[in-house]
Amino acid sequence: MYSSNLMLSVSRYWSYVRPYRAWIAGATLCGLLKFNLPLVFPWVLKKIIDDLNVNNNAVVSDLPLMMGGVFAIYGVWAVATYYRSAWADYVSHRVSFDIRVALHKHLQRLPLAWHEQYYSGALTSRLLVDVATAQNLAGAAITNTLMDASTFVLIAVILIDENPFLAAVALCSMPLYVIFVHFFQKKIRRISKLAQQQFEDTSGKITEQFTTLAFDRVYGRDAANRRAFARISRDYLRLMLKNVKNNALSLTIVGFITLAAPVGVTWVAVLEVQQGRLTVGGLVAFYAYLGMLYQPLSRLSELNILLANALSANERVFELFSAPTEPADRHLDVLRVTHGEIKFAHVTFDYRDERHALRGINLQIPAGGTVAFIGPSGAGKSTLFKLLTRLYPLQEGQIFIDNTNISTVRVASLRAQIAVVAQDATLVSGSIADNIRMGCVHATQAEIERVAQAAHADGFIRALPAAYATQVGERGAQLSGGERQRIAIARAMLKNAPIILLDEPTSALDAESEFQVRAGLRNLTRKRTTLIIAHRLNTVAHADLVVVMDQGRVVQVGTHAQLYGQAGLYRELIARYFELAVA
């Protein structure tokens, strides 16, 4: 029996097919005509042969009328064949498009914590490959199955009407056919699902390898990567070859049944003719119908393989739809920031591995001030930023902006009030102007150039051959680190958000690039509430307030001068910085 998950996935797939019922009905009707109209010709052939035998090969009654009728029927057949194919394929591609768009939207709404469990390449595989494989359900499962099943039933009825005894002989092989088809479909579907999972893992691994290509070459991991890819590819090949064997066995056994059965039926039919219980024309017609009887069985066998692959892919697609999205918040208020004061009240957060990322954070950040967060790796600084932008849901405590609890407002309105410049600036494929315009999609070219000048980026941009139309490459690969950071600062300026989050955007830069970026940052943070994850002394020294964190707690708060003048973790970190600087 089919699993409940499989049946649920088929049901959900049908919900996407339902809007195209008219096309499905039309394709099915045309398919019925395509496969059933040719059933007329064996009857015509029987009449011709019997008339020739009766009239000593002299006269065939109504021959022009019958031949003209057959030509007309085949004209209708041609039209039906065209529309059956066109409409069925239209539905398949439209349904796949709808599912792919809906799945992409669903994936975008899933929590960040969910995405962190998956390779991006694995999700790409499901979004593109699995949806394309499941596409066969609309055309094959619905139209083809109905067409072949109806053709088989209609021919069986004709055979029974022509000669019940021969029809019974012809149909006695059906139980074997059903048993073998069911047996192989279960095996093929199970292995197909494993193969698709393996392909997903392979896609994830190869995507990761290409995104870390420079790192892998520096650390001499090329050979290890080749071995790893060969190993997972070999596992995928092993599963595919298993299915090749099952496919071949299925087609061979069903093919043998559909080829051997007519031989036995013909043998019995010849004996019937010899006994005078069947005419020669009846024998020819019966044999012609017999060939048509087994054709849909052969097609259904091939369709069975197609369906097994499509069903397993469809089940994997709708597994993703079952993942819970972030809750809808259209009913919540829109956040409006007038000053930019931020307050953390009793904030506690744990990751799934039960690590205490934050514990009892209580903190007041004044409007328009610059606050530097400093502490060892894993102290909870980045987690605090993710909670403020609601990339992670709050577990305990509250966060306020201008006395408004951020959990009570629409998340889009919250993020619209915050601009982020990370340590590794994120750029996407496209032009420099496109990347800056992400801060405000309706910005004019003049506005883009204005913020680029403020971010100290206009000079190097204009020096490029295509200036603002220069393509940055994947993840900004065509630009240096400092250039990427200045574009990210310009983008944040264009967003014009009252709150700025900086994850030490100068820590990986050389002195000249750092000077240019800091000049841009001064323009960005002026009169805005700014939170900085700091790794350098000069960043901390210029902050209005310094927050020292350790093991998920706030352990010290004050100005640089205050904290440096007292014993504690801050002075230890500063001393360590000077030791590294001197070294």
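Refer to the structure above for everything that follows.
To continue, consider the packing of helix H16 (residues 445–454) against helix H18 (residues 481–495). The contact between H16 and H18 brings their axes to 8 Å, and the two run at 125°. In terms of their interaxial angle, H16 and H18 are classed as oblique. For H16 against H18, the interelement crossing comes out right-handed. For the pair H16 and H18, contact is made by Glu447, Ile448, Val451, Ala452 and Ala454 and by Ala490, Met493 and Leu494, respectively. Grouping the amino acids of the contact of H16 with H18 by side-chain chemistry returns seven nonpolar, no polar and one charged.

If you trace the backbone, Leu110 turns up in the loop between helix H4 (63–108) and helix H5 (112–115). With 213 residues separating them along the chain, Leu110 and Ala323 place their C-alpha atoms 7.4 Å apart. Ignoring any residue separated from it by four or fewer positions in sequence, one finds Leu110 in contact with His115, Ala323, Pro324, Thr325 and Glu326.

A separate point is the pattern of salt bridges. Under the defined criterion, the tally for this structure stands at five salt bridges. Between Asp98 and Arg94 there is a salt bridge whose closest N-O contact spans 3.7 Å. Here Asp98 pairs with Arg94, and both are found in helix H4, just four residues apart, close to one helical turn. With a shortest N-O distance of 3.0 Å, Arg462 and Glu449 are connected by a salt bridge. Note that Arg462 is positioned in helix H17 (residues 458–463) and Glu449 in helix H16, a separation of 13 residues in sequence. Ionic contacts of the salt-bridge type, sharing partners, join the residues Glu449, Asp458 and Arg462 into one network.

Moving on: the environment of Arg484. Of note, Arg484 is situated in helix H18. Aside from chain neighbours lying at most four places away, what touches Arg484 is Ala425, Leu427, Arg475, Gly476 and Leu479.

This brings us to the side chain of Thr530. The residue Thr530 is located in strand S8 (residues 529–533) in this model. Given a relative accessible area of 0%, Thr530 falls into the buried group. At 3.1 Å, the side chain of Thr530 and the backbone oxygen of Arg528 are in polar contact.

Analysis parameters
Residues numbered from 1 in each chain as written. Predicted model: local features only at pLDDT ≥ 70, side-chain atom pairs only at ≥ 80, totals over all residues. Heavy atoms only, no water. Axes fitted to C-alpha atoms, helices over the stretch in contact; angles between N-to-C directions. Helix = DSSP H or I, 4+ residues; strand = E, 2+ residues; numbered from the N terminus. Parallel < 35°, antiparallel > 145°, perpendicular 65-115°, else oblique. Left-handed = near helix turned anticlockwise from the far one by under 90°. Contact = heavy atoms within 4.5 Å. Nonpolar A, V, L, I, M, F, W, Y, C, P; charged D, E, K, R; others polar. Salt bridge = Lys/Arg side-chain N within 4 Å of Asp/Glu carboxyl O. Buried < 20%, exposed > 50% of the residue type's maximum accessible area, 1.4 Å probe, protein only. Polar contact = N/O pair within 3.5 Å; in protein donor to acceptor, adjacent residues only side chain to side chain.

Worth remembering: the numbers are spatial, not functional.
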